[in-house]
Amino acid sequence: MRYPMEMIVSDLACARGGVPVLEGVSFTLAAGQALLLRGPNGIGKTTLLRTLAGLQPALAGQVSVPPETMAYAAHADGLKATLTVTENLQFWARIFGQRGIDRALEDFNLTDLAGRAAQNLSAGQKRRLGLARLLVTGRPIWVLDEPTVSLDVASVALFGAAVRRHLDGGGAALIATHIDLGFPAGQLDVTPFRAQPRGLDHFDEAFA
Amino acid sequence: MIALLLRDLNLAVRAGGGFGLGLAFFLIVTVLVPFGVGPEGAILSTIAPGILWVGALLACLLSLDRIFALDFEDGSLDLLATAPIPLEGVVAMKAAAHWFTTGLPLTLAAPVLGLLLNLDGAGYGWLVASLALGTPALSMIGTFGAALTVGLKRGGLLLSLLVLPLYVPTLIFGAETVKRGADGMATGTALMMLGAITLAASALLPFAAAAAIRINLR
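Remember, it's a predicted structure, so these values are computed and weren't measured experimentally.

**Q** Looking at this structure, I do not really get helix α2 (residues 85-95) of chain A. What am I missing?
**A** An α-helical segment advances 3.6 residues per turn. Residues three or four places apart therefore align on the same side. Among the residues making up α2(A), those that are buried are Val85(A), Asn88(A), Leu89(A), Phe91(A), Trp92(A), Ala93(A) and Ile95(A). Along its buried surface, α2(A) packs onto α3 (102-107) and α4 (123-137) of chain A together with α1 (2-13) and α5 (76-81) of chain B. Once α2(A) ends, the next one or two residues include Gly97(A), with phi positive near 70 degrees.

**Q** Could you clarify how one ought to interpret the environment of Glu176(B) in this entry?
**A** All names here are of chain B. Tracing the sequence through the fold places Glu 176 in helix α8 (residues 156-182). Judged by its relative accessible area of 27%, Glu 176 falls in the partly exposed class. Along the sequence, Glu 176 and Met 1 sit 175 residues apart, while their C-alpha atoms lie 36 Å from each other.

**Q** What is the right way to read the interface of chain A and chain B from this model?
**A** Reports often express the size of an interface as the amount of accessible area lost when the parts come together. In this complex, chain A contributes 24 residues to the contact, which on the side of chain B involves 24 residues. Regarding the contact of chain A and chain B, the summed buried area is about 2,100 Å², with carbon and sulfur atoms giving 63% of it. Scanning the region where chain A abuts chain B turns up 4 salt bridges. Summed over the shared surface of chain A and chain B, the number is 9 residue pairs in polar contact (both at pLDDT 80 or more).

**Q** What am I meant to see in the side chain of Thr69(A) here?
**A** Looking at the secondary structure, you find Thr69(A) in the loop between β4 (60-64) and β5 (70-73). Owing to a relative accessible area of 1%, Thr69(A) belongs among the buried residues under this scheme.

**Q** Would you mind showing me how to read the environment of Leu37(A) here?
**A** Residues and elements named next belong to chain A. By secondary structure assignment, the location of Leu 37 is in strand β3 (residues 34-38). Along the chain, Leu 37 and Gly 100 lie 63 residues apart, while their C-alpha atoms are 31 Å from each other. In this structure, Leu 37 is in contact with Lys 45, Leu 48, Leu 49, Leu 174, Ile 175, Ala 176, Thr 177, Leu 188 and Val 190, ignoring residues within four places of it in sequence.

**Q** What should I look at first to understand the pattern of salt bridges in this one?
**A** Proximity of charged atoms lets side chains of opposite charge pair with each other. A full pass over the atoms with the stated rule returns 14 salt bridges over all chains. Asp107(A) is the salt-bridge partner of Arg165(A), the closest N and O atoms lying 3.3 Å from each other. Within this pair, whereas Arg165(A) is found in helix α5 (residues 153-168), its partner Asp107(A) is found in helix α3, the two being separated by 58 residues in sequence. A relative accessible area of 12% means that Asp107(A) is categorised as buried. The salt bridge involving Asp71(B) is made with Arg7(B); its shortest N-O contact spans 3.1 Å. Placement of Asp71(B) in helix α4 (residues 66-73) and of Arg7(B) in helix α1 is noted, with a sequence separation of 64 residues between them. Arg7(B) carries the same exposure label as Asp71(B), and that label is buried. Salt bridges sharing partners connect three or more residues here, namely Lys80(A), Arg7(B), Asp8(B), Asp71(B), Asp74(B) and Lys94(B).

**Q** Hey, could you run me through the sheet that holds β4(A) in this one?
**A** Residues and elements named next belong to chain A. Read from one edge of the open sheet, 3 strands run β2-β1-β4, paired in antiparallel fashion. The open sheet is flanked by β2 (19-30) and β4, the only strands paired with a single partner. Going from strand to strand, the sheet's axes swing by 20 degrees on average, the running direction of each strand aside.

What counts and what doesn't
- Residues numbered from 1 in each chain as written.
- Chains lettered and ligands numbered in written order.
- Predicted model: local features only at pLDDT ≥ 70, side-chain atom pairs only at ≥ 80, totals over all residues.
- Heavy atoms only, no water.
- Buried < 20%, exposed > 50% of the residue type's maximum accessible area, 1.4 Å probe, protein only.
- Helix = DSSP H or I, 4+ residues; strand = E, 2+ residues; numbered from the N terminus.
- Contact = heavy atoms within 4.5 Å.
- Buried area = accessible area lost by both parts, 1.4 Å probe.
- Salt bridge = Lys/Arg side-chain N within 4 Å of Asp/Glu carboxyl O.
- Polar contact = N/O pair within 3.5 Å; in protein donor to acceptor, adjacent residues only side chain to side chain.
- Pairing = 2+ DSSP bridges.
- Axes fitted to C-alpha atoms, helices over the stretch in contact; angles between N-to-C directions.

Pasting the structure below:
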């Protein structure tokens, strides 16, 4: 990797819609490591990932990470229906200043679909294209929100292999998921970090 | 950033991209007005500058809500916000793409449609000049409005209400330029005001729009 990188999260609190959902989240993610975020629906995994990706401000705490090292992938794949698989990938590669999308196409078994418009892909194929986007960002820290949704067993294995290669290359991955991805990874259950419900003395804050 | 501009232009001309939307609307307005007003050439040529500018402005308005809404819905906007290009650059490119697909075709089509409204011969050059100078401001202001309303479902109404008052100065000076040009009077002041609005909008609004998007993405 270009430089040693590490994501250090300390005492992070984040909110969704003005309501605190998680607080006191702390972990360290070093190069070559993967960390799986666990927790029931609605606990705040997506909110945590969005906060880490810089899409929303943290209520408290710090996220220490080298600039321009995170690649974020959300529930939505950010695909344009009328563009082909190649055009979609090429666009993101150019936005991230990278060249060459062939490896990404191969790794996610999309080579045969390269000329097809994204609107004609199945849900699983779209997801694979969304994940292939990670490979063309050239960024070392992957922040993924339920990446295996709508993937079949074979595609989950493809994804697992891609993550393993990424880790072997000195990358890191933070993945919110409910399933076993088939590679060694640390686990972080965010349930204990659930924010305490606020008392009535904070009632007025909702109107502030 | 050029990649983003090219992608948006590419998307606009593909099926369902809405490239012809503004142009078709402009055509409809200018074709229908003579039917409504009547065939007297004198009346038509009096109202032509105003009608042409109002038509162009409304045609611009029509496609504004697509600027960010589509990217917001399919998740591209989140990904662009985490990409290495600054959000201000994204906004500027979006406004440029809107101008290329709306303002520029309107400017080029306006002289032909001016014929339908019996615009005075001296006015054609000023019509093209004022639209070329004024429509970038419409795109930029509209992009700012689209950024303000990006998270809202069906935010088109609010967007129109927000943007219309901001469009008024451009409309006044644009129509004034054409009117004065057609009457053979000096157009310098109105044209310069139009240019000033465009320059100020392109200098300031990308920052305001980017700030609005950051808040709306939370």
